[in-house]
Amino acid sequence: IKEGNIVADGSLQDLKRNRSATFQISVTIQGDTDKIQHLLEKIPKVMSVKKTSTPARGVGVFQINSETDVRPEVNKTLIKHDFDILEIVTKANSMEDIFHELTK
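So, a few notes on the structure that sits alongside this text. (Residues numbered from 1 in each chain as written. Predicted model: local features only at pLDDT ≥ 70, side-chain atom pairs only at ≥ 80, totals over all residues. Heavy atoms only, no water.)

## Some remarks on helix α3 (residues 71-80)
(1) Moving on: Listed as buried for α3 are V74, T77 and L78. Along the axis of α3, the buried residues cluster in a sector spanning 95°; they form a single face. Exposed residues pointing more than 90 degrees away from the buried face of α3 are listed as K76, I79 and K80.
(2) Moving on: Buried residues along α3 sit against β1 (23-30), α2 (33-41), β3 (59-66) and β4 (84-90).
(3) Moving on: Just downstream of α3, D82 is the residue with a positive phi angle, here 60°. (Buried < 20%, exposed > 50% of the residue type's maximum accessible area, 1.4 Å probe, protein only. Helix = DSSP H or I, 4+ residues; strand = E, 2+ residues; numbered from the N terminus. Arc of directions from axis to C-beta. Contact = heavy atoms within 4.5 Å.)

The structure is reproduced here in structure tokens:
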């Protein structure tokens, strides 16, 4: 409910399926984080790239928002440029994420 109007109705699975079509992944990569960010931003279908943390020297964690699942392209691009991928994680949207999106 937003401003007295019902903006969505259904199960959590239905709400997840009907929300805006974006895909989120978090990638932990070892290497020059500026170069990595530049490479990730050039991948087709990537809408945004944000470095979220630097857990160790020479390691960056990036959040990637894309139109589709770009994990294969991310993997190929980083390997082609000799970067070490330490982790790739998909982000599942919680009920709270869906609520915030619906009530913006």
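## Thoughts on the sheet that holds β4
(1) Moving on: On the basis of which strands lie adjacent, the open sheet formed by 4 strands has the order β2-β3-β1-β4 and antiparallel pairing. With partners counted over all chains shown, the strands left at the sheet margins are β2 (46-56) and β4, one partner each. With direction set aside, neighbouring strand axes in the sheet form an average angle of 20°.
(2) Moving on: The sheet contact formed by β1 and β4 spans 6 bridges and is antiparallel. If you follow I29 over to β4, its bridge partner there is I85.
(3) Moving on: Helix-sheet contacts for α2 involve β1, β2 and β3, and the interaxial angle to β3 is about 15°.
(4) Moving on: Strands β1, β3 and β4 of the sheet are contacted by α3, whose axis makes an angle of about 20° with β1. (Pairing = 2+ DSSP bridges. Axes fitted to C-alpha atoms, helices over the stretch in contact; angles between N-to-C directions.)

## Observations regarding α2
Two residues of an α-helix separated by three or four positions point the same way, owing to the 3.6 residues in each turn.
(1) Moving on: Among all positions of α2, only T33, I36, L39 and L40 are buried. Buried positions in α2, seen along its axis, are confined to an arc of 120° and lie on one side of it. Opposite the buried face of α2, at more than 90 degrees from it, the exposed residues are D34 and K35.
(2) Moving on: Here the buried face of α2 lies against β1, β2, β3 and α3.
(3) Moving on: You can read the cap of α2 off the contacts: a side-chain oxygen lies 3.0 Å from the backbone nitrogen of D34, and it is on D32. (Polar contact = N/O pair within 3.5 Å; in protein donor to acceptor, adjacent residues only side chain to side chain.)

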